Every structure is written in C-alpha cells, then in structure tokens.
Amino acid sequence: IDILFDQKTEHRKDAILKNTINQVGFPTIVAWANQSDNLTNAQTKFLNSYTDEIGKGHVKLGRDRADGLIRWIDKGTNVNGKEIKSFPHALASVVKNNLEFKSQYLKYSFGPKVGTSPFKSYEAQFVRHIPSEWLSGKIILIGADLPHNDRHHTPLGRFSGDQPSMMAGVEIHAHALSQLLSGVTFERYNIY
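The structure displayed is predicted, hence computed values, not measured ones.

**Q** Before we go on, may I ask you to explain the overall build of the protein in this structure?
**A** Looking only at helices and strands, one finds five helices and nine strands in the protein. Of the regular secondary structure in the protein, the N- to C-terminal order runs α-β-α-β-β-β-β-β-α-β-α-β-β-α. Its C-alpha atoms give the protein a radius of gyration of 17 Å, within 12% of the compact-globule value 16 Å for 192 residues. When its C-alpha atoms are laid out on the principal axes, the protein stretches across 55 × 45 × 35 Å. Looking at the protein as a whole, 34% of its 192 residues are labelled buried. Counting only contacts in the protein whose residues sit at least 6 apart along the sequence, the fraction spanning at least 24 positions is 68%. Surface summary for the protein: the accessible area is close to 12700 Å², and the carbon and sulfur share equals 52%.

See below:
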C-alpha cells in the first residue's frame, strides 16, 4: 500500500483499517517515511505507531542528483540500527528468497504501445467488480495516480526524443518490483 498513514482521520475507521491490514491473511507492506523525507515529528511518530505491527517499506525514490530523474532502485535506510528496506525491496522479499538488498539502476519496462504502462491499473471504485481470478496469485500495489501529487520525472520520454515523462510513484515502485523479481540488472549507458 503506497499510502503514508501519517495522521489520524476518524478513530473508528483508522482502527478498522489497521485491524483489516493485520488480519488480511497475506503479507502486506505499507509505505514508510520519516523526517528525512520531509515528514514532521508528529507525522513520523503517528506513522511509526500505526504501522508498528505491519510490514513496511521506505518509499524514497532513487533520484539522480544530476538531472532529478528517478533512475535508481533505492535499497532502503537504517534508523536507530534497524534496517528498513525500500518499498520495492520489502515487497520483493515477501516473494523471493535470497534477494540482494542494494541500490541499482532502474530499468523501466515498456507497455504494449508507446505511452502505455506495462502494468494493469484499476480505479478504486471499480475494484469490487473485478473477477477475483484476475487478481489471484498477483502482487497488488495500491496507491494514488493523481495529476499533481506523487508524480516524478522519469527518463522514459527521452527514448522518443521528448522531455522526461511524469509517472505516479506507485507505478515507479511497480517497475522497480518487476525488475527485482525478474533478477534483471541494468547497466548504465551514457546517451548523448
């Protein structure tokens, strides 16, 4: 779940959601961040308390310092001697044993047509109508795809000669997870 649970909403509903996540019957990883990711102390404290019994992954994206594009799969972070894997590493480790936790270049996948994602995406209001066999045995990422929120520059547009494209954070995590599960590594080449 690529959503930061960093503040209270309605106490009863917050408790129901946390209980549901804890009892869902399959591994669940939720987004985690802290003050180094621009959260306040209060947000970090609530997030840590709310997710204390839930698997978590650091949602920091691997931004290239030279041009600001998301080019890395981050390995995670260490907080007070405790390692918190990156969101895609935490997800991949549920499925794949002996996964090496290291930062690496991100190889974006291409969809069936230019400009389309290689990943299926469903709007929340339609999920209840999706046949369960479509989702059975799949890794499901839940997150927002909003026009002006949690969108990041990626190098994908450069392949067609355009400016860098903007992509939802949850989709970037899907690309990283796909790469980690496939075991594919990406060698960086300079393109001039």
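**Q** It is not clear to me how the nonpolar core should be interpreted in this structure. Could you clarify?
**A** Among the nonpolar cores identified, the biggest contains 30 residues, and F5, I21, V30, I70, L106, Y108 and I172 are the most heavily contacted of them. Of all the secondary structure elements, the ones that give two or more residues to this core are β1 (29-32), α2 (41-50), β4 (70-73), α3 (87-95) and α5 (169-182). Setting aside its immediate chain neighbours within four residues, I172 contacts L61, I70, L106, Y108, H152, T154 and M167.

**Q** Teacher, can you tell me more about the environment of T116 here?
**A** Note on placement: T116 falls in the loop between β7 (104-105) and α4 (132-135). As for T116 and D64, which are separated by 52 residues in sequence, their C-alpha atoms are 24 Å apart.

**Q** Hey, could you run me through unusual backbone geometry in this one?
**A** Across the chain, the bulk of peptide bonds are trans and the bulk of non-glycine residues have phi less than zero. At N80, a residue that is not glycine, the phi angle is positive and equals roughly 50°. Locating N80 in the fold gives a position in the loop between β5 (76-79) and β6 (82-85). The phi dihedral of D150 is positive, around 50°, even though this residue is not glycine.

**Q** Explain the layout of surface pockets to me, please; I cannot follow it from the model alone.
**A** In this approach, a probe sized like a water molecule rolls over the atoms, and the result shows the empty space that is left. Roughly 650 Å³ of internal volume is contained in the second largest pocket. Lining the second largest pocket are 24 residues, with V59, K60, L61, D150 and H152 sitting closest to its centre. Looking at the lining of the second largest pocket, the elements that each hand over two or more residues are β1, β3 (62-63) and α5. Residue classes in the lining of the second largest pocket are distributed as ten nonpolar, seven polar and seven charged.

Rules and cut-offs
- Residues numbered from 1 in each chain as written.
- Predicted model: local features only at pLDDT ≥ 70, side-chain atom pairs only at ≥ 80, totals over all residues.
- Heavy atoms only, no water.
- Helix = DSSP H or I, 4+ residues; strand = E, 2+ residues; numbered from the N terminus.
- Rg over C-alpha atoms; globule rule 2.2 N^0.38 Å.
- Buried < 20%, exposed > 50% of the residue type's maximum accessible area, 1.4 Å probe, protein only.
- Contact = heavy atoms within 4.5 Å.
- Areas by Shrake-Rupley, 256 points an atom, 1.4 Å probe, with all protein chains shown as cover.
- Core = buried A, V, L, I, M, F, W, Y, C linked by side-chain atoms within 4.5 Å.
- 1 Å grid on protein atoms, 1.4 Å probe; cavity = no way out; pocket = protein on both sides within 12 Å on 5 of 7 lines; lining within 4 Å.
- Points joined across faces, edges and corners; volume = space filled by probe spheres on them.
- Nonpolar A, V, L, I, M, F, W, Y, C, P; charged D, E, K, R; others polar.

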